[in-house]
Amino acid sequence: WRQKLAGAVRRWLCGPSSVQCGPMPLGRSPRVLIVGAGGLGGIAGAKLAKHGTDVTLISTNPDIRAAIDHHGVVVVDGTNRSATSVRVVDQPAHDERFDLVVLATQPPSVEAAAEGIARFCHADSRVVVLQNGLCEPRVQAKLGAVRVVGAVVAWGATMDSPGTYEQTAHGGFTLGYWDGSRDAALDQVATWLAPVGACKITHNLPGVRWSKLALNC
């Protein structure tokens, strides 16, 4: 019943203007930086890299970096097991810039993560927040003019051992700006993230966030 209720609430919050975006070819392959190589970050990195996207993972854990360097990102999904080569670093080079930055750290670390990646953004970069909770305003305060996209995650993952991940639930993302606006860049982010999971866009991101918080209580 919880799943049915969640679906009904999301449909009401997103409204008829929501757009369903299935996996599709990229109009332009972005440079993507994923901050955090836990369950969500690791699987997102592997799926994007497998699609041909230029992906860099940040992990401060040397065991995770060593494992990914040695055998790639290993993803277990049911009976399927695959390994995908993904670049993983402690920090990118100071002169690198990325089109899309995905914050996949734990919520208490999100502000420090935002401060740490600001120098890797250019004027048109978008920063995607995967954390549960109401983190978007906190991240936006650290990034100034760089626009922040909230991503409510409807799939699950765990890291079984360094560099080895299991997808525990399937789904996609609900994307939106905190202020309810929409632009071409938001649609582009949905296209870029489509290899990870189907994306839809909402004009009521705070409402979707609150509904997930309520259902998780």
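Keep in mind that this is a model prediction, so the values were computed, not measured.

## Notes on the packing of aromatic side chains
Move 1: Tallied over the entire structure, the rule returns two aromatic pairs.
Move 2: Look at Trp 155 and Phe 173: their rings are 6.1 Å apart centre to centre, the planes differ by 85°, and that puts the pair in the edge-to-face class. Pair noted here: Trp 155 is in the loop between strand E9 (147-153) and strand E10 (156-161) and Phe 173 is in strand E12 (residues 173-176), with a separation of 18 residues, a long-range link.
Move 3: In this structure Phe 173 comes out as buried when scored by relative accessible area, which is 4%.
Move 4: Looking at Arg 147, its charged tip hangs above the ring of Tyr 177, at a distance of 3.7 Å from the centre.

## Side note on helix H4 (residues 110-117)
Move 1: Taken residue by residue, H4 has Val 110, Ala 113, Ala 114 and Ile 117 as its buried positions. The buried residues of H4 occupy one face: seen down the axis, they fall within an arc of 100°.
Move 2: Tucked inside the fold, the buried residues of H4 contact strand E2 (31-35), strand E7 (98-103), strand E8 (121-129) and helix H5 (136-143).

## Considerations on the pairing of E2
The side chains of a regular strand alternate between the sheet's two faces.
Move 1: Burial of E2 is extensive: four of the five residues sit out of reach of the surface.
Move 2: Pairing geometry for E2 and strand E3 (residues 54-58), over five bridges, is parallel. When the sheet's bridge partners are listed, Val 32 is paired in E3 with Val 55.
Move 3: Taking the sense of rotation as the criterion, the β-α-β connection linking E2, helix H2 (residues 39-50) and E3 turns out right-handed.
Move 4: Relative to E7, E2 is paired through four bridges, and the arrangement is parallel.

## Brief notes about the sheet that holds E10
Move 1: Taken in spatial order, the four strands make up an open sheet running E5-E4-E11-E10, and their pairing is mixed. Across the chains shown, the open sheet's two edge strands, defined by having one partner strand only, are strand E5 (80-84) and E10. Across the sheet, the axes of successive neighbouring strands diverge by a mean angle of 25°, strand direction being ignored.
Move 2: Pairing between strand E4 (residues 73-77) and strand E11 (residues 164-169): three bridges, direction parallel. Across the sheet, Val 75 pairs through a bridge with Tyr 165, a residue of E11.
Move 3: Against the sheet, H2 makes contact with E4, E5, E10 and E11, and its axis sits at roughly 95° relative to E11, the strand it touches most.

## With respect to the confidence of the model for the chain
Move 1: Counting all residues, the mean pLDDT for the chain is 88, and 85% of those residues have values of 70 or more.
Move 2: The model gives residues 8-26 a pLDDT under 50, and that stretch makes 35 contacts with residues more than four places away or in other chains.

## As for the packing of H4 against H5
Move 1: One can describe the packing of H4 onto H5 by two numbers: an axis separation of 9 Å at closest approach and a directional angle of 30°. With respect to H5, the axis of H4 lies roughly parallel. At the point where H4 passes H5, the crossing takes the right-handed sense. Contact residues: H4 offers Val 110, Glu 111, Ala 114, Glu 115 and Ile 117, while H5 offers Arg 138, Val 139, Lys 142 and Leu 143.

Conventions adopted
- Residues numbered from 1 in each chain as written.
- Predicted model: local features only at pLDDT ≥ 70, side-chain atom pairs only at ≥ 80, totals over all residues.
- Heavy atoms only, no water.
- Phe/Tyr/Trp six-rings, centres within 6.5 Å; stacked < 30°, edge-to-face > 60°.
- Helix = DSSP H or I, 4+ residues; strand = E, 2+ residues; numbered from the N terminus.
- Buried < 20%, exposed > 50% of the residue type's maximum accessible area, 1.4 Å probe, protein only.
- Lys NZ or Arg CZ within 6 Å of the ring centre and 35° of its normal.
- Arc of directions from axis to C-beta.
- Contact = heavy atoms within 4.5 Å.
- Pairing = 2+ DSSP bridges.
- Right-handed = clockwise from strand over helix to strand, strands pointing away.
- Axes fitted to C-alpha atoms, helices over the stretch in contact; angles between N-to-C directions.
- pLDDT = per-residue confidence, 0-100.
- Parallel < 35°, antiparallel > 145°, perpendicular 65-115°, else oblique.
- Left-handed = near helix turned anticlockwise from the far one by under 90°.

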